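Chain by chain, the residues:
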Amino acid sequence: MTSLEDSEPYLDPSLSIEARVADLLDRMTLAEKIGQLAGSYVGTLAEGPHGVDDVIEEIDEYHIGAVAPFGWGGSPNESLADAVDAARRLQNYAVEETRLGVPLLFAADAIHGHAYVKESTVFPNNLGAAATWCPDLVERTAGITAAEMRATGAAQNYSPTCDVVRDPRWGRTGETYGESPFLVGTLVAGEIRGYQGDELDETSVLATAKHFPAYGVPTRGEDAAPVDVSSHTLRNALLPPFETALDAGAGAVMPCYNSIDGEPAHGSRRFLTELLREELGFDGVVVSDWNGITQLHEEHRTAGTPIEAARQTREAGLDIGSVAGGEHARHVRELVDRGELSERAIDDSVERVLRAKFALGLFEDPYPDPDAADVLGAPAHLDIAREAVRKSLTLLQNDGDVLPLDDGVDEVFVTGPNADEMVHQNGGWSCNADAGVPGTTILEGIADVVDDETTVTHEPGSGINAPVDIDAAAERAAEADVAVVALGEDWYLHEFGPSAETDGETGEFPTRNELSLPDAQRDLVTAVSETGTPVVAVLVTGRPLAVEWLAETVPAILMAYYPGRVGGEVIAETLFGESEPGGRLPISIPRSAESLPTYFNHLPHPRPIGSDEHPSSYDPLFEFGHGLSYTTVEYESIDLSADAICPGEDLAVRVTVANAGDRRGSEVVQAFGRDEFSSVVTPVRELWAFERVDLEPGERATVDLRISPDELGLFDRSRDGRLDDGSLRLFVADRTFELAAPPRDN
């Protein structure tokens, strides 16, 4: 039981963090140190239920220092009351009933809001957030997430996801910011600022950049499958967002599950020490993905025994084994006792963990906020969520200007598997049962937005995979003035499961083997379209689906991603023109799974039988950056500050745009470029800069883009990130500019 005086140096907040860490570390036994590196959980994994009392026993016996008592998919503590109760009980035991009173570090998967706690604000999933092209907005949503997490007692977020994705078959595509390293990195930096503020304090949560160094390009699009990429692709396409995250001050890093070049990241000193710490200079906490340690033995099979797996992770540079628990503590102690792991290595890891706990203010105030109910889902938070949805919704197609809908329509028919499904609308990494989950579905939103003279009718028509009553839906559609069909995917995690928590069996849509809509949804769209009633399709989905058939069948398609708690009301107001669809695609939408890979920044290559004989290497259904508006934006002028990009000097690109329509609108000004000739092969096009601007009817605005030569450097065979000599080409709207890249200083 804690019996220390407040005068103990490590309890004195007036001292420096380094002094407090040194004092506390000097007081700790080896067992207490090791406990800080072993995490636990409340909930159910493969071993069965693990409750608060079980964790207390682990704290007692193994001095466990980190716990996930809520905020993840296997926890029973989904209500605010249950989450706060679990946090209070565990933290009270750690602080009041242990010798040194070291507080626990509570972590959560809060990747689009604190969504595993029902009362929280749920924002659009990451791909939807990326469609806003608005780092400031991402920063604000992350700040809200941090506030709602800290109110429940959590102080580490397993976010942001820094992975660049190039294969939308991958089930975790929706957790990413898309296919452009520059866009991903820019948004990740905003997210980290939102989580951590200018520096860690009692209002921050520790940001965890994941999944280092390359998770988003698994073989076959299969989650956690080997990543088989060259060092050129790793360095120039996949690693840059992590470098941006570290520059932004990310306090923690999580390795990926994959093996890369034959080495599982969790057991790789090359990746976690030589690359991450020595080359990139990271000095924060490395925390395992949940089963990343045991996988070295059970699945990668680089470790013959569980204790060998523990040794590999420790030698690689891991600090906290997230859910490794008492077993990991025993293994680490045995390794030290056998002389296979030094106590100095343990001390180095513990210092990093304690430094984070002190910086987060956990020693001064480790408990949940007594007014947490006023914080979670606060009206101001929901207003920001509405802004995020408005700026994310992406109008892919609007033939004949079907949208926006006329306020005076007599009857609106709403159908489809995602028309009245709140859980589907929130998407993965959120509660998977309707009970107690607040929010507005698309059907409810439409019913709320129309006037009293308009009738809203509804038939589900189909589920995700199975028809319900398509004939009844067609009959209703025939009587309506317009039909809104909400299609897409349901709630899932990782490899489109777990099946016990989703609507389908393993291998059913959604699955990486099928990007097109299943027959039930296609049959519903066909039946409704054949009535002659104008049809608007709303895609509620975690990733881009191959919807070429849909684009040929219906006039209007709105990409909603997983829009979250207020998604239904904002979709409705957008359909009826109360707001405009502000999103632009952060990822290409392919024509089919057979056409993959489809990403805009692919590498050029020879065409041996002639250019006319080779189909295009990039021929998406809807390209990266695409998104329609309800107004017309004209580019009036584009001026450059120089005709060259020089080392150490940003190029300024001044773009004047005007709203030539009679509705409020927005534009995302995008600057792309390429290196015409370089020492290594470079993409045919890369995103170099962007800026979002909102415009009233008739308004014009000037946007200043800054292109830094640091962003254009190549990591080539000399292992030197640099800007090549030669010529560059810049693309803005329909204009092309030739730029020189003068010789760099040697």
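Residues numbered from 1 in each chain as written. Predicted model: local features only at pLDDT ≥ 70, side-chain atom pairs only at ≥ 80, totals over all residues. Heavy atoms only, no water.

Draft legend 1. Fine view of the overall build of the protein chain. If you tally the helices and strands in the protein chain, you get 23 helices and 26 strands. Taking 746 residues into account, the globule formula puts the C-alpha radius of gyration at 27 Å, and the protein chain, at 26 Å, falls close to it. Per-residue burial for the protein chain yields a buried fraction of 61% across its 746 residues. Long-range contacts, defined here as pairs at least 24 residues apart, represent 76% of the contacts in the protein chain between residues at least 6 apart. Of the roughly 27,600 Å² of accessible surface on the protein chain, a fraction of 44% belongs to carbon and sulfur atoms. Looking at charge distribution, the protein chain has the averaged site of its 54 positive side-chain charges lying 7 Å from that of its 133 negative ones. (Helix = DSSP H or I, 4+ residues; strand = E, 2+ residues; numbered from the N terminus. Rg over C-alpha atoms; globule rule 2.2 N^0.38 Å. Buried < 20%, exposed > 50% of the residue type's maximum accessible area, 1.4 Å probe, protein only. Contact = heavy atoms within 4.5 Å. Areas by Shrake-Rupley, 256 points an atom, 1.4 Å probe, with all protein chains shown as cover. Lys, Arg positive; Asp, Glu negative; His and termini not counted. Charge placed at Lys NZ, Arg CZ, Asp CG, Glu CD.)

Draft legend 2. Expanded view of the packing of aromatic side chains. Taken as a whole and assessed by the stated rule, the structure comprises 17 aromatic pairs. Taking 6.5 Å as the distance between ring centres and 55 degrees as the angle between the ring planes, the aromatic pair formed by Phe70 and Phe106 counts as tilted. Pair noted here: Phe70 is in the loop between strand 4 (66-68) and helix 4 (80-96) and Phe106 is in strand 5 (residues 105-108), with a separation of 36 residues, a long-range link. For the residue pair Phe70 and Phe106, the accessibility class agrees, reading buried in each case. On the basis of an interplanar angle of 90 degrees and a centroid distance of 5.3 Å, the ring pair of Phe212 and Phe242 is categorised as edge-to-face. One end of the pair, Phe212, is in strand 7 (residues 206-212); the other, Phe242, is in helix 9 (residues 240-247), and 30 residues separate them in sequence. Taking the relative accessible area as the measure of exposure, Phe242 reaches 2% and is therefore buried. (Phe/Tyr/Trp six-rings, centres within 6.5 Å; stacked < 30°, edge-to-face > 60°.)

Draft legend 3. Representation of the side chain of Glu175 in the model. With respect to the helices, strands and loops of the structure, Glu175 is situated in the loop between strand 6 (156-157) and helix 7 (181-196). Only 2.8 Å separates the side chain of Glu175 from the side chain of Trp429, close enough to count as a polar contact. Apart from residues lying up to four places away in sequence, Glu175 is in contact with Ile111, Asn126, Thr161, Lys210 and Trp429. (Polar contact = N/O pair within 3.5 Å; in protein donor to acceptor, adjacent residues only side chain to side chain.)

Draft legend 4. Main features of the pairing of strand 25 (residues 726-732). Bridge count for strand 20 (residues 665-675) against strand 25 is five bridges, and the pairing is antiparallel. Considered in strand 25, the bridge of Arg674 is made with Arg729. Of the pairings in the sheet, the one linking strand 25 to strand 26 (residues 735-741) comprises seven bridges and is antiparallel in character. Considered in strand 26, the bridge of Phe731 is made with Thr736. (Pairing = 2+ DSSP bridges.)

Draft legend 5. How the structure looks around empty space enclosed by the protein. Applying the stated criterion to the full structure yields seven cavities of 30 Å³ or more. Here the largest cavity defines a volume of roughly 160 Å³. For the lining of the largest cavity, the elements supplying multiple residues, two or more each, are helix 5 (126-130), helix 6 (135-152) and helix 7. The element that contributes the greatest number of residues to the lining of the largest cavity is helix 6, accounting for five residues. (1 Å grid on protein atoms, 1.4 Å probe; cavity = no way out; pocket = protein on both sides within 12 Å on 5 of 7 lines; lining within 4 Å. Points joined across faces, edges and corners; volume = space filled by probe spheres on them.)

Draft legend 6. Quick peek at the sheet that holds strand 19 (residues 651-659). Across the sheet, three strands lie side by side as 18-19-22; this open sheet has antiparallel pairing. One side of each edge strand has no neighbouring strand; the edge strands of this open sheet are strand 18 (633-640) and strand 22 (700-707). Taking each pair of neighbouring strands and ignoring which way they run, the sheet shows an average axis angle of 20 degrees. With seven bridges joining them, strand 18 and strand 19 adopt antiparallel strand pairing. Paired with Tyr635 across the two strands is Val657, which belongs to strand 19. (Axes fitted to C-alpha atoms, helices over the stretch in contact; angles between N-to-C directions.)

Draft legend 7. Spotlight on the sheet that holds strand 7. Taken together, the seven strands give an open sheet; going across it, the order is 1-4-5-6-7-8-11, and neighbouring strands pair in parallel fashion. What marks the edges here is a single partner per strand, and that holds for strand 1 (39-41) and strand 11 (285-286). Lying over the sheet, helix 9 contacts strand 7 and strand 8 (252-255), oriented at roughly 165 degrees with respect to strand 7.

Draft legend 8. Structural context of the environment of Pro438. Here Pro438 shows up in the loop between helix 17 (422-426) and helix 18 (442-449). Residue classification places Pro438 among the partly exposed residues on the basis of a relative accessible area of 25%. The contact partners of Pro438, leaving out residues within four places of it in the chain, are Lys118, Met422 and Arg565.

Draft legend 9. Representation of helix 16 (residues 379-392) in the model. Compared with an ideal rise of 1.5 Å per residue, which puts 14 residues at 20 Å, helix 16 spans 20 Å between its outermost C-alpha atoms and is within 8% of the ideal. Of all 14 residues in helix 16, ten are buried, a share of seventy percent or more. All of the buried residues along helix 16 are His381, Leu382, Ile384, Ala385, Arg386, Glu387, Ala388, Val389, Lys391 and Ser392. (Expected span 1.5 Å × (residues − 1).)

Draft legend 10. Structural context of the nonpolar core. Core analysis: the largest hydrophobic core is formed by 168 residues, its most contacted members being Leu24, Leu90, Leu550 and Leu687. No other element matches helix 4, which puts eight residues into this core. Residues within four places of Leu687 in sequence aside, it is in contact with Trp133, Ser180, Phe182, Leu183, Phe600, Phe624, Gln670, Ala671 and Phe672. Of all hydrophobic cores here, the second largest spans 41 residues; its members include Leu395, Ala419, Leu443 and Val540. (Core = buried A, V, L, I, M, F, W, Y, C linked by side-chain atoms within 4.5 Å.)

None of this, on its own, says anything about what the molecule does.
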